[in-house]
Amino acid sequence: MHHHENEAAVDERLSRGLLAQTAGIHLGLMAASLAVWRAEMPGRWAVLAVLIVAQGLWLDRMYIAAHEAIHKKLYPSRPRLNDFWGTALLMPVAAPFTIYRRIHYFHHGHNRRDHHTANLDTFVVRGELSAGRRAYYNAVWIFYVFLGGFFIHSLVSVLLFLLVPTEPATRISPVFKHWKMDKRLRSWAELGLGLGYHAAVWTAFGAGGWMIALGLPVAVFAWVWSLLLYVYHYDTSVGADVRHNVRSLPRQRFFSWLLLNFNEHATHHDDPTIPWHQLPERRHELPAAYHENQKVHTLWQAIWQQRKGPLLENVAKVGEFSVELRLGRR
């Protein structure tokens, strides 16, 4: 019992440190960007560009710190405090915490179960697949990954959760099943907090200050988030053992620190209750049947391999039966 209590105390102490670092650097980068923007100094636009990129990368850190709260790992014994911080960390990108949790839990429960479910790199198409249509689907995928399209896709998902009644939404995706009104209202409130944060910055510093402090950094975040969203699952296995349709990546000192050991992704999927700081020491090796998922060895390779495009699954109607034909990438 004492060992368990001491471990919980250590986890909460590390969570306090994580939150202080994450929120503090966010506010510090914003303040530095506004100071440089207002200053008359040589080369300020180059310095400002670096600071804006740094802010965008740090917003991704905030998003992943919120991911700890999604899994109730920041303050396991205090769920309200845990969810408070999860909500606060997402305010700069105006992402409703409740919707994030809903989508993410679905991802863990159904990750690449088949070619239709929680599987972003398979496009199911109907009818004849001409060269033009193939090129179109590849262009959509390139837009999703390399031009920030996954961020726009996520915005559409948020709007569906907020606006579309549950029954018709469920026909769009099973992720909407049992989406209740209290969750919808809570999501609206969380969105309002995020928009209020943006409005407060706009009011305090004007449109130009908002653009420097939040607008452009969110655009950088949208690009970075889209690049990284599927690097741990792209072209991995598909099947019922959803925990293992994933890959890990080797430790890279800067990115492992920035992204809270998210490179240990197979470990996270095997046991989502492991806190970020324990992931390296509790690393889970994929079973032999899934070793092919480890086909890339660096984060850069994992990003770049996505250029191969989606897997196109053609569904053609033959009499009363549907025939599925997987047509490969490109």
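Keep in mind it's a predicted model, so treat the numbers as computed, not measured. (Residues numbered from 1 in each chain as written. Predicted model: local features only at pLDDT ≥ 70, side-chain atom pairs only at ≥ 80, totals over all residues. Heavy atoms only, no water.)

So, the nonpolar core
Residues L74, L89, L90, W141, F221 and I303 are the most contacted members of the largest nonpolar core, which totals 61 residues. At 12 residues, the largest contribution of residues to this core is made by helix 2 (residues 44-70). Beyond its immediate chain neighbours, meaning those up to four positions away, I303 contacts F146, L227, L228 and V231. Grouped together as the second largest cluster of nonpolar side chains are 11 residues, F161, V175, W179 and L191 included. (Core = buried A, V, L, I, M, F, W, Y, C linked by side-chain atoms within 4.5 Å. Buried < 20%, exposed > 50% of the residue type's maximum accessible area, 1.4 Å probe, protein only. Helix = DSSP H or I, 4+ residues; strand = E, 2+ residues; numbered from the N terminus. Contact = heavy atoms within 4.5 Å.)

A look at the packing of helix 5 (residues 131-146) against helix 6 (residues 149-163)
At their nearest, the axes of helix 5 and helix 6 sit 4 Å apart, and the two run at 90 degrees to each other. Classified by the interaxial angle, the pair formed by helix 5 and helix 6 is roughly perpendicular. Of helix 6, the residues touching helix 5 (which contributes W141, F143, Y144 and V145) are G149, F150, I152 and H153. When its residues are assigned to classes, the contact of helix 5 with helix 6 shows 6 nonpolar, 2 polar and no charged. (Axes fitted to C-alpha atoms, helices over the stretch in contact; angles between N-to-C directions. Parallel < 35°, antiparallel > 145°, perpendicular 65-115°, else oblique. Nonpolar A, V, L, I, M, F, W, Y, C, P; charged D, E, K, R; others polar.)

Some words on the side chain of R61
In this fold, R61 is placed in helix 2. Buried charge R61 goes without a salt bridge, the closest partner of opposite sign being D60 at 8.8 Å. At 2.8 Å, the side chain of R61 forms a polar contact with the backbone oxygen of L258. Not counting residues up to four positions away in its chain, the partners in contact with R61 are L18, Q21, T22, W257, L258 and L260. (Lys, Arg positive; Asp, Glu negative; His and termini not counted. Salt bridge = Lys/Arg side-chain N within 4 Å of Asp/Glu carboxyl O. Polar contact = N/O pair within 3.5 Å; in protein donor to acceptor, adjacent residues only side chain to side chain.)

A closer look at unusual backbone geometry
Only a minority of non-glycine residues have a phi that is not negative, and only a minority of peptide bonds are not trans. For K72, which is not glycine, the phi torsion reads 60 degrees and is therefore positive. With respect to the helices and strands, K72 occurs in the loop between helix 2 and helix 3 (79-90). Judged by relative accessible area, which is 46%, K72 ranks as partly exposed. A positive phi is found at N261, a non-glycine position, where the angle reads about 60 degrees.

Digging into helix 8 (residues 181-228)
For helix 8, spanning 48 residues, the distance from its first C-alpha to its last is only 32 Å, which falls clearly below the expected 70 Å at 1.5 Å a residue. The largest bend along helix 8 reaches roughly 125 degrees and is located at G206. (Expected span 1.5 Å × (residues − 1). Bend = angle between axes of the 7 residues up to and from the residue.)

Some details on the environment of K73
In this fold, K73 is placed in the loop between helix 2 and helix 3. It is 11 Å that separates the C-alpha atoms of K73 and W85, two residues lying 12 residues apart in sequence. Every residue in contact with K73, bar those within four places of it in the chain, is listed here: S15, E68, N82, H268, P272, T273, I274 and P275. A polar side-chain atom of K73 sits 3.1 Å from the main-chain carbonyl oxygen of P272.

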